[in-house]
Amino acid sequence: KYKRNKNTFVYIDPPYYNKGPSLYRYYYEKDLHRELAKFIKTKSYPWLISYDDVPEIKRIYRHSQRQHIYLDYSANTHAPGKELLLSNLEIPPMEQYGDIENKLFG
């Protein structure tokens, strides 16, 4: 019998919703993304998911906490990327790189 550790935290990084078939050998069909959301939203342990920022994902996770993250790259191009963090916990705002650099090096 499995007994949950109170320190459990789950991070999920599923394949991209829109570009999954063109980026990954193994990807989710659209219904599997919905099944994942249905499953994880019923859990009481803390969870965090990173996804591509698309309207369908925002709709599927409309009652979850959201925070955008901006990357210097994306999986398919060298252009700046934008992803979405989703969670059942409050996600604090991300600090910009310059803010962190200023705190570290004054």
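Preceding block: the structure.
Here's what I pulled together on the structure shown here.

How each quantity is defined
- Per chain, residues are indexed from 1 in the order of the written sequence.
- A pLDDT threshold of at least 70 governs which residues receive local features in this predicted model, and a stricter bar of 80 or more applies before side-chain atom pairs are shown or counted, although totals over entire chains, interfaces and linings include all residues.
- With hydrogens and water stripped out, all remaining heavy atoms of the structure feed into the side-chain values.
- In this scheme, patches are assembled from residues that exceed 30% relative accessible area and form no salt bridge. Like charges are connected within 9 Å, while nonpolar side chains (Val, Leu, Ile, Met, Phe, Trp, Tyr) are connected within 5 Å.
- Per-residue accessibility takes into account occlusion by the displayed protein chains alone, with areas from the Shrake-Rupley method and a 1.4 Å probe.
- Only one rule defines a salt bridge in this text: a Lys or Arg side-chain nitrogen within 4 Å of an Asp or Glu carboxyl oxygen.
- For the charge count, each Lys or Arg is scored as positive and each Asp or Glu as negative, with His and the chain ends excluded.
- Positions of charges follow a simple convention, taking NZ of Lys, CZ of Arg, CG of Asp or CD of Glu.
- Per the convention used, a helix needs a DSSP run of H or I reaching at least four residues, while a strand needs a run of E reaching at least two, with both numbered from the N terminus.
- Only protein chains enter the accessibility calculation, which uses a 1.4 Å probe. A residue is then buried if its area is under 20% of the maximum for its type, exposed if over 50%, and partly exposed in between.
- Grouping buried Ala, Val, Leu, Ile, Met, Phe, Trp, Tyr and Cys residues that are joined through side-chain atoms within 4.5 Å yields what is termed a nonpolar core.
- Here, two residues are considered to be in contact whenever any of their heavy atoms come within 4.5 Å of each other.
- Paired strands, as defined in this entry, are two strands with at least two bridges between them according to DSSP.
- Throughout, the arc means the angular range of directions from the helix axis out to the C-beta atoms.
- Note on aromatic contacts: the rings of Phe and Tyr and the six-membered ring of Trp form a pair at centre separations within 6.5 Å, being stacked when their planes are under 30 degrees apart, edge-to-face when over 60 apart, and tilted otherwise.

1. Brief notes about a positive patch on the surface
On the surface, K30, R34, K41, R59 and R62 cluster together to form a positively charged patch. Here K30 shows up in helix α2 (residues 30-40). Residue class for K30 comes out partly exposed when judged on its relative accessible area of 38%.

2. Considering the nonpolar core
Proteins that are soluble and globular tend to have nonpolar side chains buried together. In terms of nonpolar packing, the biggest core is built from 15 residues, with I40, I49, Y51, I57, Y61 and L86 touching the most fellow members. Contributing elements (two or more residues each) for this core: α2, β2 (47-52), α3 (55-60) and β4 (81-87). Those residues in contact with L86, other than ones at most four positions away along the chain, are W47, L48, I49, Y51, I57, Y61, Q65, R66 and I91.

3. Looking at a nonpolar patch on the surface
Where nonpolar side chains cluster on the molecular surface, the patch consists of F9, Y11 and L89 and spans about 310 Å² of accessible area. Relative to the helices and strands, F9 resides in the segment before β1 (10-12). Classification of F9 as partly exposed rests on a relative accessible area of 47%.

4. Re the side chain of S64
In this structure, S64 sits in the loop between α3 and β3 (65-71). Take S64: its relative accessible area is 13%, and that puts it in the buried class. For S64, the residues in contact, after removing those within four places along its chain, are K41, W47 and S87.

5. Some thoughts on the pairing of β2
Among the 6 residues that make up β2, 6 are buried, leaving the element largely enclosed by the rest of the structure. Of the strand pairs in this sheet, β1 and β2 are connected by 3 bridges, and their pairing is parallel. Of the residues in β2, the one forming a bridge with Y11 is L48.

6. Notes on α2
Restricting attention to buried positions, one finds in α2 the residues H33, L36, A37 and I40. Looking down the long axis of α2, one finds its buried residues gathered within 95° of arc, a one-sided arrangement. Contacts made by the buried residues of α2 are with β1, β2 and α3.

7. Notes on the packing of aromatic side chains
This structure, assessed with the given rule, holds 3 aromatic pairs. On the basis of an interplanar angle of 50° and a centroid distance of 6.0 Å, the ring pair of Y51 and Y61 is categorised as tilted. Linking Y51 in strand β2 with Y61 in the loop between α3 and β3, this pair joins segments that are 10 residues apart in sequence. Here Y51 falls in the buried class, since its relative accessible area comes to 0%.

8. A short note on the environment of E35
Checked against the element boundaries, E35 lands in helix α2. When the C-alpha positions of E35 and I60 are compared, they lie 9.8 Å apart, and in sequence the two are 25 residues distant.

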